[in-house]
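# Chain and residue survey
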Amino acid sequence: MRFHLAEVQRVMPNDSFYFSIVRDPGTLGESAFSYFRAAAPAFRDSPSLDAFLASPSRFFRPGVRGNHYARNLQWFDFGLPDPARPEEIPQILARLERVFPLVLLAENFDESLVLLRHRLCWPQNSVDLFPHNSRGSRRVSPAQIRRLRAWNSLDWALYSHFNRTFWRHAREFGLERLRREVAEIRRRRNFLAGKCLRGGGPVPAQAIPDGNLRPFQPPGGGKILGFALKEGLGAEERELCARLAMPELPYKDLLERRQFGPRNGTAG
């Protein structure tokens with residue numbers, strides 16, 4: 001979904017709080033190449049990420065369906081104008097910041113959860129979670145990072161801007177206080193992983209017996225890890241653990257059934 005403020009405001013209250021998250025395009029670009037390989041012709045036609053980065057214009061055609069995944073994906077998702085002249089970018093980002101007073105950082109996700117929890121006055125357990133959609137260890141070389149940032153230059157400008165605003169919010173919150181709360185989030189997560197998860201962490205999808213807990217595997221992409229629950233959990237424990245282990249698509253279906261009734265969403 002591409003953000004369009006006027007359309008969102010038609011269905012959201014006037015006092016809605018808008019927040020989002022950004023990721024360094026130097027690593028997001030590698031992830032997108034894997035995850036959207038089948039969806040983006042620019043990626044699908046390239047034999048490898050290095051081949052694509054050596055000559056992106058050989059594979060990329062703007063306006064081709066699916067190619068928005070292949071360049072400045074976050075800029076596109078925020079609904080920002082493309083192309084944008086360099087002198088326009090600071091003003092565009094300043095306007096976006098007025099809409100999104102808090103933008104989180106994927107690379108500092110636990111710190112982001114702390115700031116978000118306090119901004120929304122949530123209880124501590126509202127940010128208990130297991131990190132989803134990992135592919136195990138993936139190394140992006142410094143040269144690839146540089147090229148991905150250059151190719152996704154609008155995303156790099158976007159990320160750099162909100163990286164600065166994020167750490168401004170963090171300093172206002174108090175860095176030592178932030179470190180303490182991050183440590184508590186991680187302590188709770190480790191406790192819940194030991195209580196809920198077979199093996200205590202992510203596993204390949206084929207090792208997960210419950211189909212509702214298996215993550216979506218993108219065609220032609222990397223293998224996405226998920227979570228398998230321990231056997232012998234009580235009903236209450238199982239409900240809590242399943243919520244934490246559930247991938248985003250089944251969770252979306254669950255929320256739709258809760259919000260709109262059992263006819264909505266995929267049957268579980």
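Presented here is a report on the structure given in the accompanying data block. (Residues numbered from 1 in each chain as written. Predicted model: local features only at pLDDT ≥ 70, side-chain atom pairs only at ≥ 80, totals over all residues. Heavy atoms only, no water.)

This next bit is on empty space enclosed by the protein. If a probe as big as a water molecule is rolled over the atoms, it shows which places are left empty. Taken as a whole, this structure holds two cavities of 30 Å³ or more when the rule is applied. Its volume calculated, the largest cavity comes out at about 100 Å³. Leu28, Gly29, Ala32, Tyr69 and Asn152 are, among the 16 residues lining the largest cavity, the residues nearest its centre. Those elements that place two or more of their residues in the lining of the largest cavity are helix H2 (25-35), helix H4 (49-54) and helix H9 (142-151). Counting residues per element, the lining of the largest cavity draws most heavily on H2, which supplies four residues. Considering only residue class, the lining of the largest cavity consists of eleven nonpolar, three polar and two charged. There is about 30 Å³ of room inside the second largest cavity. Residues that form the lining of the second largest cavity fall into these classes: six nonpolar, three polar and no charged. (1 Å grid on protein atoms, 1.4 Å probe; cavity = no way out; pocket = protein on both sides within 12 Å on 5 of 7 lines; lining within 4 Å. Points joined across faces, edges and corners; volume = space filled by probe spheres on them. Helix = DSSP H or I, 4+ residues; strand = E, 2+ residues; numbered from the N terminus. Nonpolar A, V, L, I, M, F, W, Y, C, P; charged D, E, K, R; others polar.)

Once that is clear, we can look at the pattern of salt bridges. The final tally for this structure, using the stated rule, is 18 salt bridges. Notably, a salt bridge pairs Glu231 with Arg198, separated by 4.0 Å at the nearest N-O pair. Linking Glu231 in the loop between strand E4 (225-226) and helix H12 (235-245) with Arg198 in the loop between helix H11 (175-196) and strand E3 (203-204), this pair joins segments that are 33 residues apart in sequence. Since its relative accessible area comes to 72%, Glu231 is described here as exposed. Among the residues examined, Arg198 registers a relative accessible area of 35% and is labelled partly exposed. A salt bridge links Asp210 to Arg238, with the shortest nitrogen-to-oxygen separation between them at 3.4 Å. Note that Asp210 is positioned in the loop between E3 and E4 and Arg238 in helix H12, a separation of 28 residues in sequence. (Salt bridge = Lys/Arg side-chain N within 4 Å of Asp/Glu carboxyl O. Buried < 20%, exposed > 50% of the residue type's maximum accessible area, 1.4 Å probe, protein only.)

Position of Asn72 relative to the elements: it lies in the loop between helix H5 (56-59) and helix H6 (73-77). The buried category is assigned to Asn72, whose relative accessible area is 4%. For Asn72, the residues in contact, after removing those within four places along its chain, are Trp151, Asn152, Ser153, Leu154 and Asp155. (Contact = heavy atoms within 4.5 Å.)

A word on the state of the cysteines. If you walk through the whole model with that rule in mind, you get one disulfide. The disulfide that involves Cys196 links it to Cys241, with 2.0 Å between the sulfurs. One disulfide, between Cys196 and Cys241, carries an S-S torsion of -65° and so falls in the left-handed class. With Cys196 in helix H11 and Cys241 in helix H12, this residue pair connects regions lying 45 residues apart in the sequence. With a relative accessible area of 0%, Cys196 lands in the buried category. (Disulfide = S-S within 2.5 Å.)

With nine of its eleven residues buried, H2 lies for the most part within the structure. For H2, the elements touching its buried residues are helix H3 (41-44), H4, H6, H9 and helix H10 (153-173). Put simply, Asp24 is the residue that caps the front of H2, since its side-chain oxygen is 2.7 Å from the backbone nitrogen of Gly26. (Polar contact = N/O pair within 3.5 Å; in protein donor to acceptor, adjacent residues only side chain to side chain.)

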